[in-house]
Amino acid sequence: MRLHELYFENLGGNGVADKNSKLAQKIVEQFGSFEAWEKDFKATGMIRGIGWVILYQDLISGKLVNFWINEHDVGHPAGCNPLLIMDVFEHTYMLDYGLKKADYIEVFFKNINWKVVESRLK
């Protein structure tokens, strides 16, 4: 249930990230550019199968990582805080997009509420 709550909370925005925000700066610092991070996150979402893509922050090192989770309750990296959650189970996109998961991912990015995502940063 928690991943669904976080997923729906990080929706409802205009998808435009403040490039001067602390989170955007951390993303650029670690991935080289915001666009490089976004490309990696989207590619993770295109992994064959069903599950979740989560941008985590390691609470000890502060580092960010894009991570694939298959089940709701299995495989989460220990000591990490979820920042951005994208549901890529088929029930999320099949009715509207059929097999076009990439189209769903593009629309997801246009609806991210980056203020909510930023508020999760520790």
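Residues numbered from 1 in each chain as written. Predicted model: local features only at pLDDT ≥ 70, side-chain atom pairs only at ≥ 80, totals over all residues. Heavy atoms only, no water.

Draft legend 1. Here's a closer look at the packing of aromatic side chains. This structure, assessed with the given rule, holds 15 aromatic pairs. Between the aromatic rings of Trp37 and Trp114, the centroid separation amounts to 5.8 Å while the plane-to-plane angle is 75 degrees, which identifies the pairing as edge-to-face. Here Trp37, found in helix α3 (residues 34–45), pairs with Trp114, found in helix α6 (residues 114–119); they are 77 residues apart in sequence, far enough to count as distant. Residues Tyr97 and Tyr104 carry aromatic rings whose centres are separated by 6.3 Å and whose planes lie at 55 degrees to one another, so their mutual orientation is tilted. Of the residues examined, Tyr97 reaches a relative accessible area of 25% and is grouped as partly exposed. Against the face of Phe109 rests Lys42, its NZ or CZ located 4.9 Å from the ring centre. (Phe/Tyr/Trp six-rings, centres within 6.5 Å; stacked < 30°, edge-to-face > 60°. Helix = DSSP H or I, 4+ residues; strand = E, 2+ residues; numbered from the N terminus. Buried < 20%, exposed > 50% of the residue type's maximum accessible area, 1.4 Å probe, protein only. Lys NZ or Arg CZ within 6 Å of the ring centre and 35° of its normal.)

Draft legend 2. The arrangement of the pairing of strand β1 (residues 52–58) in detail. Burial analysis of β1 places 6 of its 7 residues in the buried class, the great majority of the element. Of the strand pairs in this sheet, β1 and strand β2 (residues 64–69) are connected by 6 bridges, and their pairing is antiparallel. Bridging from a neighbouring strand, Trp52 pairs with Ile69 of β2. Counting the residues in the hairpin turn of β1 and β2 gives 5 residues, including Gly62, whose phi is positive at 80 degrees. Pairing analysis gives 7 bridges linking β1 to strand β3 (residues 80–87), with the strands arranged antiparallel. Directly across from Asp58, in β3, lies its bridge partner Cys80. (Pairing = 2+ DSSP bridges.)

Draft legend 3. Inspection of the environment of Tyr56 at higher detail. Along the chain, Tyr56 turns up in strand β1. Residue Tyr56 is classed as buried on the basis of its relative accessible area of 2%. A sequence separation of 66 residues divides Tyr56 from Lys122, and the C-alpha atoms of the two residues are 11 Å apart. Once residues within four sequence positions are removed from consideration, Tyr56 is found in contact with Lys63, Leu64, Val65, Phe67, Ile69, His76, Pro77, Cys80, Asn81, Pro82 and Leu83. Among the polar contacts listed, one links the side chain of Tyr56 to the side chain of His76, at a separation of 2.4 Å. (Contact = heavy atoms within 4.5 Å. Polar contact = N/O pair within 3.5 Å; in protein donor to acceptor, adjacent residues only side chain to side chain.)

Draft legend 4. Examining the side chain of Asp87 more closely. Looking at the secondary structure, you find Asp87 in strand β3. At 9.6 Å, Lys101 is the nearest oppositely charged side chain to Asp87, a buried residue that forms no salt bridge. Only 2.9 Å separates the side chain of Asp87 from the backbone nitrogen of Phe89, close enough to count as a polar contact. (Lys, Arg positive; Asp, Glu negative; His and termini not counted. Salt bridge = Lys/Arg side-chain N within 4 Å of Asp/Glu carboxyl O.)

Everything listed is a geometric property; what it means functionally is a separate question.
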